[in-house]
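Letter by letter, the chains look like this.
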Amino acid sequence: MTTPAKTHIAPGPDASVPVGGAVGHPVDRRDGRAKATGTARFSAEHRYPDLTYATLVHATIARGTITHIDTAAAAAVPGVVAVLTHLNAPRIKPPRKPNIVRDLGPDVSGTDVDYLNTDQVFWDGQPIAVVIATTSAAANEAAPLVEATYDKLPARVDFAAEQKNATPAKGDLTFAGVAKKGDAEAALAAAEVSVDLRYTTPGLQHNAIEPHATVAVWDGDHLTVHDTTQSITQSRRYLAWRFGVPASHVRVHAEFLGGGFGGKFAVWPGTVIAAMAAKAVGRPVRLALTRTAVNRATGGRTASTNRIALGATRDGRLTSLIQDSITRIGSTGGQFEPTGSPARHLYGAQNLLTRQDHAVMDLMPNTWLRAPGEAIGTFALESAMDELAYELSMDPIALRMRNEPETDPTKGKKFSQRMQREAFERGAERFGWADRDPEPRSMRDGEWLVGMGTAAAFHPVLRLVADVKVRLSDDGSALVQCGFHEMGMGAATVQAQIAADALGIDYEKVRVEYGDSALPSGPMAGNSNQTATVATSVLAACAELTRKITALARRTGTTGQEPAAALRAAGTPFLEASVGSATRLGELRSQGRFLSTFLKDQRRSKAARGAQFCEVRVNADTGELRISRWLGMFDVGHIINPKTAASQLRGAVVMGIGMALSEQSLIDPRNGRTMSAGLDSYYVPVHADIPPIDVDWLDEPDRTMPLGIIGLGEVGTTGVAAAIANAVFHATGRRVRDLPITLDKVL
Ligand code: MOS
């Protein structure tokens, strides 16, 4: 069996990185050149002899039973090798139910549907067959010829209608369904000033630039997949479970990813079906989802309804803060999206209540999408804070500052780091907030109404666990191995910077291998955890390696020379140090390390924070809405690489702009069909929509985290939609509480 050659990535061209000073240097992304020049091979681009091409067939009803499925016409298309349905697909083990403990751990499926092993349909778009052919053209031609007939059942597909049936959400390991302090309803009723409002957000889709794809290859009972996953360890364990082989027989590659945003965290049907198809036809199979298939057969963000009620004294002290949300999950799975997360942490309200209900729907289950919980929660809460500021005739920043908590508002824990005040102060000065006339519709530039808005950004810290191996060779080079993920954020680059300084060697001499489950097991790339998680283990492994080298240097009399001199003097080709191991005991220890880190991190309230500022221009005649200026001022710990950090934060702001102005999943309330499955009907921001985005940070390390790192992947998207909605109100006097803010809502 041919396994494609490993992709080694050379450092970027700006190798003028000082020894010992790699951390903090704006190093180019290591994967940048390979991606920009087209030499990077993405999952769908791996070639094997005898490769076949697969296309999914999707259910056209939301709930029911397949009574008949006719594959004759599809099978007759020249080049078609097989058509698999629930009648003839290989039997595999049923999926396990999604589980709140495992969902942070070993194996996560997007749904618990037994794809192609069941005649049951649970959502419109569920794969019910797969066509495998010698060319993708033949597979694509044949797939629409598969005809299914169904016994339809009533389906719950209209979120507006299902809200009355919603039941309390249980929460998960990191976030309880309900938080309560005092009697918030009574305090609201008694408040001198109050607002009681309802904010709604639509479902959203990730639409990463690279659609989901899998190449699956069996060799006996060994499975290799090239898969678009931001969680290779979990993907491996899940596939091993479903196909009844040991995890050591499954190898998952994901060296390059064209974005993920949470959409590639869970295992989706395409991955399972590709492996199933490869088993059935005895040949390698490539299943590259079309954009439409991605949006019909992988999850997106839930829609939401949020009541936010705030009570305050006349001088702006919050006496009551209530958030009551309804979100949806699927009947076959779905992630808890903790919309109340910002409300539990941002303000020192005397009384507080946040709760959340789930409406169970016969739709594609929702999943994580950038800043799940906080993206929605900051829109609702930070819009309401702006509305309260107007009720109080107070500056919205002054209102926020008046309610800065001393300790975590719900748990009373100390903050490990909190520079929310500094973020607003420095941001306001840089943005020119003082020039804003608070009166709505008071600032104008010709036909354009001008408005300025602000909002807090917030995303909590989560650290998982990583196994890492570091090797120093006698030629002075180092190799860092860890099965983490590079979705375009600069993950390998920053870990090379960290290892270079920890070993005291040149940045260019450090090679990093990642994106392969044969490497020491890495964390999933999600919840903004990866940098700090991997750094924790890289630093520990480098420290151990340094101890070994120091001892060897003492023995060989090379103390004071470069580290590799000791190896050469001793005639030792290399020295290694590891954190974690792939044995059964190693896995148990790694779970122990996760729990102890998790519990330690829980002692303090830790989060990434920031202040978003925007200026909008709304055409007084047409309602056309343009973002003209942006500033995000962030409190995100110590910055390892200013170039990749700025890029992460800017990209996240762009995503927030999409959420605010144009993106929405449209589902036909009659039949549950996704109507926005393509980029022709789901509008992501394009270059012309985006102004120059100014981002900066306070660069204050969080002393409880390795190198002071706070993950910054997601915080940049939080607060964006509220800052825009607040600016639109300031510009026009129209308050939009229902995203997206389209021009019909501001006219
Ligand atoms: Mo993110 S939603 O954790 O990729």
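Residues numbered from 1 in each chain as written. Predicted model: local features only at pLDDT ≥ 70, side-chain atom pairs only at ≥ 80, totals over all residues. Heavy atoms only, no water.

Chemist: Any details on the domain arrangement of the protein? Residues and values, ideally.
Modeler: Parsing the protein into structural domains produces domain 1 (415-461 + 606-747) and domain 2 (463-481 + 491-601). Here the C-alpha centroids of domain 1 and domain 2 sit 37 Å apart. Contact residues are listed per partner, giving 15 residues for domain 1 and 14 residues for domain 2. In total, domain 1 and domain 2 occlude about 1,100 Å² of area from one another, counting both sides; carbon and sulfur atoms represent 63% of this. When the area that domain 1 buries against domain 2 is broken down by residue, the three leading residues are Ile640, Pro706 and Ile709, summing to 35%. (Domains from an automatic or database assignment. Contact = heavy atoms within 4.5 Å. Buried area = accessible area lost by both parts, 1.4 Å probe.)

Chemist: Tell me what's going on with the environment of glutamate 337, and back it up with residues and numbers.
Modeler: If you trace the backbone, glutamate 337 turns up in the loop between β17 (318-330) and α9 (341-345). Look at glutamate 337 and you get buried, because its relative accessible area is 2%. In this structure, the C-alpha to C-alpha distance between glutamate 337 and threonine 302, residues 35 residues apart in sequence, is 7.6 Å. Those residues in contact with glutamate 337, other than ones at most four positions away along the chain, are Arg301, Thr302, Thr327, Gln356, Thr367, Ala371, Pro372, Gly373 and Ile376. A distance of 2.7 Å separates a polar atom in the side chain of glutamate 337 from the backbone nitrogen of glycine 373. (Helix = DSSP H or I, 4+ residues; strand = E, 2+ residues; numbered from the N terminus. Buried < 20%, exposed > 50% of the residue type's maximum accessible area, 1.4 Å probe, protein only. Polar contact = N/O pair within 3.5 Å; in protein donor to acceptor, adjacent residues only side chain to side chain.)

Chemist: How would you sum up the packing of helix α14 (residues 530-556) against helix α15 (residues 563-570)? Please name residues and give values.
Modeler: Here α14 crosses α15 at 55°, and the two axes come no closer than 9 Å. It follows that α14 is oblique to α15 by the angle criterion. The element α14 and its partner α15 pack so that their crossing is left-handed. Residues Ile549, Leu552, Ala553 and Thr556 of α14 pack against Pro563, Ala566, Leu567, Ala569 and Ala570 of α15. (Axes fitted to C-alpha atoms, helices over the stretch in contact; angles between N-to-C directions. Parallel < 35°, antiparallel > 145°, perpendicular 65-115°, else oblique. Left-handed = near helix turned anticlockwise from the far one by under 90°.)

Chemist: Account for the sheet that holds strand β4 (residues 120-121), naming residues and giving values.
Modeler: With antiparallel pairing, the three strands of this open sheet are ordered in space as β4-β2-β6. The outermost strands of the open sheet, each flanked by one partner alone, are β4 and β6 (147-152). Summarising the sheet, strand β2 (residues 64-70) and β6 pair through six bridges and their orientation is antiparallel. Within β6, the position partnered with isoleucine 66 by the bridge is tyrosine 150. (Pairing = 2+ DSSP bridges.)

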